[in-house]
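Architecture and fold: a report
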Amino acid sequence: MELIHRNLAIGIHDALQETFFEKNKYADKVIERLLKSHRKWGSQDRAVVSEIFYNIIRWKRRLEYYMGESVKPDNVYKLIVAYCLYSKTNYKRFEEFEGIKIADITTKLKKGTVPTKSIEYSIPEWLAETLEKELGPIWEKEMKALNEQAPTVLRANSLKTSPKELISDLADDNVVAYTVRNYPDAVQLEEKKNVFLTSAFKDGLFEVQDATSQKIGYFLDVKEGQRVVDACAGAGGKTLHLAALMRNKGQIIALDIYEWKLAELKRRAKRAGAHNIETRMISDNKVIKRLHEKADRLLIDAPCSGLGVLKRNPDSKWKIDQAFIDRIKTEQQQILQDYSKILKKGGKMVYATCSILPSENNEQVAEFLKNNLDFKLIKDEKIMPSQGYDGFYMALIERLA
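Treat the numbers as computed from the prediction; the structure is a model and nothing was measured. (Residues numbered from 1 in each chain as written. Predicted model: local features only at pLDDT ≥ 70, side-chain atom pairs only at ≥ 80, totals over all residues. Heavy atoms only, no water.)

Here's the deal with unusual backbone geometry
In the Ramachandran plot, D221 falls in the positive-phi region, its phi being about 60° despite a non-glycine side chain. Tracing the sequence through the fold places D221 in the loop between helix 12 (211-219) and strand 7 (227-230). Using a relative accessible area of 26% as the deciding quantity, one classes D221 as partly exposed. Notably, E293 is not glycine yet its phi reads approximately 60°, a positive angle. (Helix = DSSP H or I, 4+ residues; strand = E, 2+ residues; numbered from the N terminus. Buried < 20%, exposed > 50% of the residue type's maximum accessible area, 1.4 Å probe, protein only.)

Section: the UniProt feature "domain: SAM-dependent MTase RsmB/NOP-type" (unreviewed entry) in the chain
Using the residue numbers shown here, the UniProt feature "domain: SAM-dependent MTase RsmB/NOP-type" (unreviewed entry) corresponds to residues 142-401. Taken end to end, residues 142-401 has its terminal C-alpha atoms 40 Å apart, with 34% of it in helix and 26% in strand. (UniProt positions renumbered as here; feature names shortened; annotations may be inferred.)

Comments concerning the sheet that holds strand 6 (residues 206-208)
Sheet architecture is open: 4 strands sit in the order 4-5-3-6, paired in antiparallel fashion. The sheet is open, and its two edges are formed by strand 4 (177-180) and strand 6, each paired on a single side. Averaged over all pairs of adjacent strands, the angle between their axes in this sheet comes to 35°, without regard to strand direction. Its contacts with the sheet put helix 12 on strand 3 (153-156) and strand 5 (183-189), and the angle it makes with strand 5 is roughly 165°. (Pairing = 2+ DSSP bridges. Axes fitted to C-alpha atoms, helices over the stretch in contact; angles between N-to-C directions. Contact = heavy atoms within 4.5 Å.)

Regarding the sheet that holds strand 10 (residues 295-301)
Read across the sheet, 7 strands follow the order 9-8-7-10-11-13-12 without closing on themselves; strand pairing throughout is mixed. Where the open sheet ends on each side, the last strands, each with one partner, are strand 9 (277-281) and strand 12 (375-383). If you compare each strand with its neighbour and ignore which way they point, the axes differ by 15° on average. Here 5 bridges tie strand 8 (residues 251-256) to strand 9, and the two strands are oriented parallel to one another. Note on strand 9: the bridge partner recorded for I253 is E278. Across the face of the sheet, helix 13 (residues 237-245) comes into contact with strand 7, strand 8, strand 9, strand 10 and strand 13 (392-399) while running at roughly 175° to strand 8. In this fold helix 14 (residues 259-272) packs onto strand 8 and strand 9, with an angle of close to 170° to the strand it touches most, strand 9.

Details of the side chain of S118
Within the secondary structure layout, S118 lies in helix 7 (residues 117-120). A polar contact of 2.8 Å, which involves the side chain of S118, links it to the side chain of E125. Residue contacts for S118: discarding those within four places in its chain leaves R61, I123, P124, E125 and A128. (Polar contact = N/O pair within 3.5 Å; in protein donor to acceptor, adjacent residues only side chain to side chain.)

Description of the side chain of Q209
Within the secondary structure layout, Q209 lies in the loop between strand 6 and helix 12. Q209 gets classed as buried once you look at its relative accessible area, which sits at 6%. A distance of 3.0 Å separates polar atoms of two side chains, one belonging to Q209 and the other to S213. Not counting the four nearest positions on each side in its chain, Q209 is found in contact with V153, L154, R155, Q214, G237, K238 and H241.

Side note on the domain arrangement of the chain
Domain annotation of the chain identifies domain 1 (2-115), domain 2 (153-208) and domain 3 (213-399). Across the contact, 10 residues belong to domain 1 and 7 residues belong to domain 3. With both sides pooled, the region where domain 1 packs onto domain 3 buries about 740 Å², and carbon together with sulfur makes up 59% of that total. Our count for the domain 1 to domain 3 interface comes out at 0 salt bridges. Connecting domain 1 to domain 3 are 6 residue pairs in polar contact (both at pLDDT 80 or more). Of all the secondary structure elements, the ones that give two or more residues to the side of domain 1 that touches domain 3 are helix 1 (6-21), helix 3 (43-58) and helix 4 (60-67). For the side of domain 1 that touches domain 3, the element with the most residues is helix 3, which contributes 3 residues. (Domains from an automatic or database assignment. Buried area = accessible area lost by both parts, 1.4 Å probe. Salt bridge = Lys/Arg side-chain N within 4 Å of Asp/Glu carboxyl O.)

Structure representation (structure tokens):
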């Protein structure tokens with residue numbers, strides 16, 4: 001990896017400033033806009049910019065230690081230099097780097113140690129405490145895994161293709177991919193590529209969806225002809241998987257509080273050839289009440305801390321705090337109480353999060369079951385980041401007849 005073009009350094013600088021210091025700016029959207037606005041950059045340039053941008057976000061706390069100060073709007077170039085030195089990235093001495101005292105950084109790097117675990121794993125102090133409290137001794141192993149780059153995994157759209165056919169179609173666009181054991185629809189890329197430019201994407205043959213996330217559709221045990229409600233559908237990654245598993249037979253009602261997310265879901269459903277999805281915005285409680293005892297299956301992919309997906313969203317660890325986690329836990333319990341009424345007697349639901357904290361996962365389910373004796377747990381599963389993909393939790397719960 002080399003940083004030898006000045007305009008790439010300026011691009012990385014501007015994207016980092018936006019992500020760290022502007023409100024509600026998320027890394028994935030910031031980098032997407034940056035790359036779109038520099039159409040002349042080649043694939044190699046784009047790879048350099050993306051990798052350095054994400055790695056600096058990932059290792060921010062550790063880099064601040066090497067810099068000897070917190071990141072501020074006026075020292076982002078120093079942060080970039082600290083990263084280049086830390087990662088042994090070859091870089092040119094651009095004019096923007098003038099005046100940066102490299103000796104201070106290299107002195108600390110030569111020590112080879114850092115004073116605290118939170119600096120070692122580049123997370124806020126409160127998060128290190130929370131992870132240790134909730135996960136015990138395994139927290140360091142999981143945090144190490146969360147600091148690795150996430151692989152790119154696609155879900156072959158079984159309404160139109162199979163994993164083997166998809167791999168062959170991707171190869172026509174010079175994208176090398178392979179199947180993943182124990183994940184029937186998953187196809188993993190050998191290296192990061194912009195798959196959205198491929199004809200396979202335009203033809204709706206796949207969606208980008210982590211392997212662990214793909215487990216949830218199967219976990220819900222949907223059948224053709226059922227009425228299924230996806231209560232927190234968002235832009236519909238899991239909704240589309242459910243449509244494929246149901247072979248477009250039956251009905252899926254996709255709910256969300258954001259109209260724009262449902263609009264994106266409709267667009268994706270059209271491309272995927274998923275015709276059994278109806279979207280409804282949750283504008284008030286009546287939307288939920290009208291669905292009481294109407295669903296054979298219910299998916300509650302609950303809002304959560306997102307700590308299981310830091311591999312792909314490293315900026316979120318700088319945007320949340322303990323107060324946010326406490327608030328989200330109250331919200332999760334409320335959603336479980338309110339939305340579970342959608343389920344018919346004898347129906348099944350999945351409560352899922354992309355968190356690794358027991359307090360957001362099995363403890364929430366235990367609390368719900370304690371207060372709702374007409375529901376019982378069939379099975380649950382937690383997948384940890386050290387297993388290779390995103391960290392997720394899922395619980396299959398039945399409403400007793």
